[in-house]
Amino acid sequence: MTNSIWFDSKGREARTEDSPVKEFDVAIIGGGILGVSCAYFLSKRKNLKVALIEQKCLAYGSSGRNAGFVLRGIETYYNQCIDKYGREKAKYVYAFAEESQAVLRRFVDECKIDFEYDPCGSYVLADSIEELEDLEKSYELLRQDGFGVELIKADPTDRGFYGALLNGGDFGIHPVKLVRALAQFSKVELLENEPVQRIETQRSSQKTLIHTNNEKILAGKTLIATNAYTPYLEPWFGPKLQVARAQMLSTYPLKNEILDRVCYANYGWIYFRQLKDKRLLLGGKRNTQLQEEVGLADIVTAPIQIALEEYLTDRFPEAAGVGIQYRWSGSMAFTSDGLPLLGKLPQHPEVYFAVGCNGHGMGYSTNMAQQLVALALDGKEPSVFCANRSSLKNSNSTLCDDVDGP
Ligand SMILES: Cc1cc2nc3c(=O)[nH]c(=O)nc-3n(C[C@H](O)[C@H](O)[C@H](O)COP(=O)(O)OP(=O)(O)OC[C@H]3O[C@@H](n4cnc5c(N)ncnc54)[C@H](O)[C@@H]3O)c2cc1C
């Protein structure tokens, strides 16, 4: 969505090129889970002046529009992950997400702010015999690699599935409350309704000058956490990120509690959970409209919403006649090899980025943010998610050498 001049409600005088500049040690661009997680890790460092610049409001992007699952792993099953990346890298990727989960678990006690943390575990449900076989293979390999998991050879939800993996360490959260809690805890200086229009490097200082509609910000280090919006901010990302939309719906409260865990089915193409207030959330079916479900348009479409309602009717007779209360969508960034990108912009010496969580940002972002902060402040290079890895098409980051293993 673009910003017309007429919604500039701040009543300030129009900025000119010589308006005063605000100075910060670190500026984060993007107020989603990744941006606020950066703020959280930066708050652990001493005496840093940090700004968080957000075009609209906290969690305006997909961090405020997801299902709130914090899962280990990525969309493929562990056996497929090994086929695709090799054993060591697959292990790294799953352990990486477990570390992300651990950060958030610790944050529950540390922050004392309620973000509806629900340590319910997840079911990965098999929609077919083939999927059950993949679950069985995943189960064996996960156990061999030391990951906690259970295999259930019958349908634990009694809805026609063939079996399930139970990941006891997975959990649910209220994503908007979590994003706000991380920002609040970090005490970051929040600049909302400030879309960044342009970034440039100040030759004399090597610092980054960030232009928003109303401010000029000079930052020693700049962290980009704008995910699906990133190619619009910095065209260099255009060939590196594919932007896809996902849609969800929520019913009004059902009569009874029918699900006790967050659930993924059909290789992650469908997902559902029931909130404590008994509303049922259902999302997915993007695979039925892959060509259409692209870009940043903040819309819901009839084909996907109808497919979701049909699924609801099929699998959840308890929802009959209850009615749909909300329908929404969000946009995500995907990479050519399915792994996130961490790196440094070749054209700006002090601009770093972490983007492309491939639809799993609630599970990955905290550890991504930890690595991004370590890269920008300590020069600690990322390994598997390095943006210059050889498995990526169109990669052109100058920071790290080609990386093939963890
Ligand atoms: C329907 C749906 C369901 C999902 N379910 C799950 C799930 O259950 N579990 C999971 O792990 N993941 C899920 N995801 C994916 C997850 O939501 C994302 O991976 C994650 O939120 C990405 O976080 P982010 O902070 O990187 O990006 P975002 O949340 O998109 O944040 C980027 C922010 O940058 C801001 N911004 C953009 N451009 C500018 C600019 N020029 N200037 C200033 N600010 C700017 C945006 O307004 C936005 O707030 C789902 C996604 C969708 C759409």
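For the structure itself, look to the data block above.
Here's what I pulled together on the structure shown here. Bear in mind that the values here come from a model prediction, so they are computed numbers and not experimental data. (Residues numbered from 1 in each chain as written. Predicted model: local features only at pLDDT ≥ 70, side-chain atom pairs only at ≥ 80, totals over all residues.)

1. Focus: the overall build of the chain
Then, number 1: In terms of helices and strands, the chain carries eight helices and 18 strands.
Then, number 2: A compact globule built from 406 residues would reach a C-alpha radius of gyration of about 22 Å, and the chain, at 21 Å, matches this within 12%.
Then, number 3: Principal-axis analysis of the C-alpha atoms gives the chain an extent of 65 × 45 × 45 Å.
Then, number 4: Counting every position in the chain, which comprises 406 residues, the buried fraction comes to 45%. (Helix = DSSP H or I, 4+ residues; strand = E, 2+ residues; numbered from the N terminus. Rg over C-alpha atoms; globule rule 2.2 N^0.38 Å. Buried ≥ 20, exposed ≤ 12 C-beta atoms within 10 Å, placed from the backbone.)

2. Some details on the packing of helix H1 (residues 33-43) against helix H8 (residues 361-378)
Then, number 1: The geometry of H1 relative to H8 is characterised by a closest axis approach of 8 Å and an angle of 45° between their N-to-C directions. Accordingly, the angle class assigned to the pair H1 and H8 is oblique. In the crossing of H1 with H8, the sense of the turn from one axis to the other is right-handed. For the pair H1 and H8, contact is made by Ile 33, Leu 34, Ser 37, Cys 38, Phe 41 and Leu 42 and by Gly 361, Met 362, Ser 365, Thr 366, Met 368, Ala 369, Gln 370, Leu 372 and Val 373, respectively.
Then, number 2: Split by residue class, the contact of H1 with H8 holds ten nonpolar, five polar and no charged. (Axes fitted to C-alpha atoms, helices over the stretch in contact; angles between N-to-C directions. Parallel < 35°, antiparallel > 145°, perpendicular 65-115°, else oblique. Left-handed = near helix turned anticlockwise from the far one by under 90°. Contact = placed C-beta atoms within 7 Å. Nonpolar A, V, L, I, M, F, W, Y, C, P; charged D, E, K, R; others polar.)

3. Focus on the nonpolar core
Then, number 1: Judged by nonpolar contacts, the single largest core of 114 residues is most densely connected at Ile 28, Cys 38, Ala 39 and Leu 372.
Then, number 2: Counting only domains with at least three residues in this core, you end up with domain 1 (21-77 + 89-102 + 172-240 + 336-406) and domain 2 (242-334).
Then, number 3: Residues in contact with Leu 372, not counting those within four places in the same chain, are Cys 38, Leu 223, Leu 342, Tyr 352 and Ala 354. (Core = buried A, V, L, I, M, F, W, Y, C linked by C-beta atoms within 7 Å. Domains from an automatic or database assignment.)

4. Thoughts on the packing of H1 against helix H5 (residues 175-186)
Then, number 1: Here H1 crosses H5 at 25°, and the two axes come no closer than 8 Å. When the axes of H1 and H5 are compared, the pair comes out roughly parallel. The crossing of H1 and H5 is left-handed. Across the interface between the two elements, Ile 33, Val 36, Ser 37, Ala 39, Tyr 40 and Ser 43 from H1 touch Val 179, Leu 182, Ala 183, Phe 185 and Ser 186 from H5.
Then, number 2: In terms of residue class, the contact of H1 with H5 is built from eight nonpolar, three polar and no charged.

5. Looking at the site of the ligand
Then, number 1: Neighbouring residues of the ligand: 40 residues in total, closest Gly 30, Gly 32, Gly 61, Gly 330 and Gly 361.
Then, number 2: Among the elements of the structure, H1, strand E12 (242-253), strand E16 (324-334) and H8 are those that each provide at least two residues to the shell around the ligand.
Then, number 3: In terms of residue count, the dominant contributor to the shell around the ligand is H8 (four residues).
Then, number 4: Its residues assigned to classes, the shell around the ligand shows 18 nonpolar, 19 polar and three charged.
Then, number 5: A domain-level breakdown of the shell around the ligand finds at least three residues from each of domain 1 (21-77 + 89-102 + 172-240 + 336-406) and domain 2 (242-334). (Near = placed C-beta within 6 Å.)

6. Describing the environment of Thr 212
Then, number 1: Within the secondary structure, Thr 212 sits in strand E10 (residues 208-212).
Then, number 2: Residues Thr 212 and Val 384, 172 residues apart in the sequence, show an inter-C-alpha distance of 33 Å.

7. Digging into the pairing of E10
Then, number 1: Looking at chain direction, strand E9 (residues 196-201) and E10 are connected through five bridges and run antiparallel. Paired with Ile 199 across the strands is Ile 210, a residue of E10.
Then, number 2: The antiparallel hairpin formed by E9 and E10 contains six residues in its connecting segment, where Gln 206 sits at a positive phi of about 70°.
Then, number 3: The sheet contact formed by E10 and strand E11 (residues 216-224) spans four bridges and is antiparallel. If you follow His 211 over to E11, its bridge partner there is Lys 216.
Then, number 4: In this structure, the hairpin formed by E10 and E11 is closed by a connection of three residues. (Pairing = 2+ DSSP bridges.)

8. Some points on the pairing of strand E13 (residues 262-265)
Then, number 1: Burial of the side chains of E13 extends over both faces: Val 262 and Tyr 264 are buried on one face and Cys 263 and Ala 265 on the other.
Then, number 2: The sheet contact formed by strand E4 (residues 122-125) and E13 spans four bridges and is parallel. Paired with Leu 125 across the strands is Ala 265, a residue of E13.
Then, number 3: Strand direction decides the pairing type here: E13 and strand E14 (residues 270-274), joined by three bridges, are antiparallel. Across the sheet, Ala 265 pairs through a bridge with Ile 270, a residue of E14.
Then, number 4: Counted along the chain from E13 to the antiparallel partner E14, the turn is four residues long, and its residue Asn 266 has a positive phi close to 45°.

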